[in-house]
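Chain by chain, the residues run as shown.
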Amino acid sequence: NKAGEPRLHAQPPPLTLGGIVPVRVNNSATAAVFATGDMVGYAARYLEKSAPHIDLYSFPFVNPIDTAQLAALAARYTRVATLEEHQANGGFGSAILERLHDLLSDGALARLPAVRRIAIPNAFVGSAGTQEFLREKMGLRLDDWHATLS
């Protein structure tokens, strides 16, 4: 890939428009990370090393999102973090929250999981540097959210 990050799948996973791709799933997890773009690779490496009990899903599409799949995930987990390399307002995390609230309003969900959006702050960023430097500077890390789960 263009950023030089390692492949997550030996073979390309089957994709449907709006489909959600499981990356790491175990039967006892109560928390999950929903990630998009290159942040999926970062999340996979972080969770493998520091939080193997947390599941990871890749969202190749921000719109549409398979609402039946999303409803099943929301019913399964009590805590979710969304992770993206875009601004928080109007981004992937916002799209997830909108769809979750629609599912709740439509009666497709009995409750919402606690959702934490991890994204670029909604402010001008006057810095340049490597991808890793900018991710760190913008707070695009799972450490703080993971710490709240203990």
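The structure we're discussing is the one just above.
Residues numbered from 1 in each chain as written. Predicted model: local features only at pLDDT ≥ 70, side-chain atom pairs only at ≥ 80, totals over all residues. Heavy atoms only, no water.

Participant: If you had to explain the side chain of R24 to someone new, which residues and values would you point to?
Facilitator: Tracing the chain through its elements places R24 in strand β1 (residues 21-24). Within polar-contact distance, the side chain of R24 engages the backbone oxygen of I54 at 3.5 Å. Apart from the residues within four sequence positions on either side, R24 is in contact with A44, L47, E48, A51, P52, H53, I54, D55 and L56. (Helix = DSSP H or I, 4+ residues; strand = E, 2+ residues; numbered from the N terminus. Polar contact = N/O pair within 3.5 Å; in protein donor to acceptor, adjacent residues only side chain to side chain. Contact = heavy atoms within 4.5 Å.)

Participant: So, the environment of V21: which residues are in play, and what are the values?
Facilitator: With respect to the helices and strands, V21 occurs in strand β1. With relative accessibility at 6%, the residue V21 sits in the buried group. Not counting the four nearest positions on each side in its chain, V21 is found in contact with H9, P13, L15, L56, Y57, S58 and P60. (Buried < 20%, exposed > 50% of the residue type's maximum accessible area, 1.4 Å probe, protein only.)

Participant: Give a detailed account of the side chain of S58, specifying residues and quantitative values.
Facilitator: Relative to the helices and strands, S58 is located in strand β3 (residues 55-58). Classification of S58 by relative accessible area gives buried; the value is 12%. Apart from the residues lying within four places of it in its own chain, the contact partners of S58 are I20, V21, V23, A35 and V40.

Participant: Requested: an account of the sheet that holds β1, with residues and values cited.
Facilitator: The strand order across the open sheet formed by five strands is β1-β3-β2-β4-β5, and the pairing between neighbours is mixed. The open sheet has two edge strands, β1 and β5 (114-120), and neither has a second partner. Sheet twist, expressed as the mean angle between neighbouring strand axes with direction ignored, is 25 degrees. Of the strand pairs in this sheet, strand β4 (residues 79-87) and β5 are connected by six bridges, and their pairing is parallel. The residue bridging R79 from the neighbouring strand is A114, located in β5. Relative to β4, helix α3 (residues 92-105) is tilted by about 140 degrees, and along the sheet it contacts β2 (31-35), β4 and β5. (Pairing = 2+ DSSP bridges. Axes fitted to C-alpha atoms, helices over the stretch in contact; angles between N-to-C directions.)

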